[in-house]
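Residue-level structural notes
Each chain, letter by letter, is given below.
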Amino acid sequence: MKREEILNNAKICTTQDRNNQYGEPEDVFSFVAAKWQVHMDNRPPGPLTAHDVAMMMIDLKTARSTSNPAHIDNYVDIAGYAACGGEIVSKKAEPLDLIIR
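Criteria and thresholds
Residues numbered from 1 in each chain as written. Predicted model: local features only at pLDDT ≥ 70, side-chain atom pairs only at ≥ 80, totals over all residues. Heavy atoms only, no water. Helix = DSSP H or I, 4+ residues; strand = E, 2+ residues; numbered from the N terminus. Rg over C-alpha atoms; globule rule 2.2 N^0.38 Å. Buried < 20%, exposed > 50% of the residue type's maximum accessible area, 1.4 Å probe, protein only. Contact = heavy atoms within 4.5 Å. Areas by Shrake-Rupley, 256 points an atom, 1.4 Å probe, with all protein chains shown as cover. Lys, Arg positive; Asp, Glu negative; His and termini not counted. Charge placed at Lys NZ, Arg CZ, Asp CG, Glu CD. Polar contact = N/O pair within 3.5 Å; in protein donor to acceptor, adjacent residues only side chain to side chain. Axes fitted to C-alpha atoms, helices over the stretch in contact; angles between N-to-C directions. Left-handed = near helix turned anticlockwise from the far one by under 90°. Nonpolar A, V, L, I, M, F, W, Y, C, P; charged D, E, K, R; others polar. Patch = residues over 30% accessible without salt bridge, like charges linked within 9 Å, V, L, I, M, F, W, Y side chains within 5 Å. Salt bridge = Lys/Arg side-chain N within 4 Å of Asp/Glu carboxyl O. Expected span 1.5 Å × (residues − 1). Arc of directions from axis to C-beta.

With respect to the overall build of the chain
In terms of regular secondary structure, the chain is built from four helices and zero strands. In the chain, the order of α-helices and β-strands from amino to carboxyl end is α-α-α-α. A compact globule built from 101 residues would reach a C-alpha radius of gyration of about 13 Å, whereas the chain, at 17 Å, exceeds it by more than 25%. Reported as C-alpha extents along the three principal axes, the dimensions of the chain are approximately 50 × 30 × 30 Å. Taking all 101 residues of the chain together, 17% fall into the buried category. Expressed as a percentage of contacts within the chain between residues at least 6 apart in sequence, the contacts between residues at least 24 apart total 47%. Surface accessibility of the chain: about 7,600 Å² in total, with carbon and sulfur atoms responsible for 61%. The distance from the centre of the 11 positive side-chain charges to the centre of the 14 negative ones in the chain is 4 Å.

This is the structure we're talking about:
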């Protein structure tokens, strides 16, 4: 695919498809910023981790599902990010910490 085609596809996605699915970017981005700020304020100091990214991507998809609850792809993505985040932390957890209570 040539760069002009990529840019044309990006234009369609950002000005039509995503706007129709999720609303104005400023609104969704503001929602995401607020959720990410809460995450950042409540995590241990230090560099971002893979687990942080999984949780923040869930925040992004939560924001999108709030503006378009019927878009099932968001829920699939949330489940996928949750599974990835769980796998990341389970590799670092003690075996007894993994027991579901």
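Here we look at the side chain of Asp-52
Note on placement: Asp-52 falls in helix H3 (residues 50–67). According to the relative accessible area criterion, Asp-52 is buried, its value standing at 5%. Within the structure, Asp-52 has its side chain in polar contact with the side chain of His-39 (distance 2.8 Å). The residues touching Asp-52, leaving out its near neighbours within four places in the chain, are His-39, Arg-43 and Pro-47.

Observations concerning the packing of helix H2 (residues 25–41) against H3
At a minimum axis distance of 9 Å, the contact between H2 and H3 shows a crossing angle of 145°. Our pair here, H2 against H3, has a crossing hand that is right-handed. Only Asp-52, Met-55, Met-56, Asp-59, Leu-60, Thr-62, Ala-63, Arg-64, Thr-66 and Ser-67 of H3 make contact with H2, whose side of the interface consists of Val-28, Phe-31, Val-32, Lys-35, Trp-36, His-39 and Met-40. Tallied by class, the residues present in the contact of H2 with H3 amount to nine nonpolar, four polar and four charged.

Brief notes about a nonpolar patch on the surface
On the surface, Ile-72, Tyr-75 and Val-76 cluster together into a nonpolar patch covering about 300 Å² of accessible area. Note that Ile-72 resides in helix H4 (residues 72–90). The exposure class assigned to Ile-72 is exposed, which follows from its relative accessible area of 56%.

Some details on H2
For H2, spanning 17 residues, the distance from its first C-alpha to its last is 24 Å, which sits close to the expected 24 Å at 1.5 Å a residue. For H2, the complete set of buried residues consists of Val-28, Val-32 and His-39. Each buried residue of H2 lies within a common arc of 30° when the element is viewed along its axis, so the set occupies one face. Facing away from the buried side of H2 by over 90 degrees, the exposed positions are Glu-26, Asp-27 and Asp-41. At its buried positions, H2 is contacted by helix H1 (3–22) and H3.

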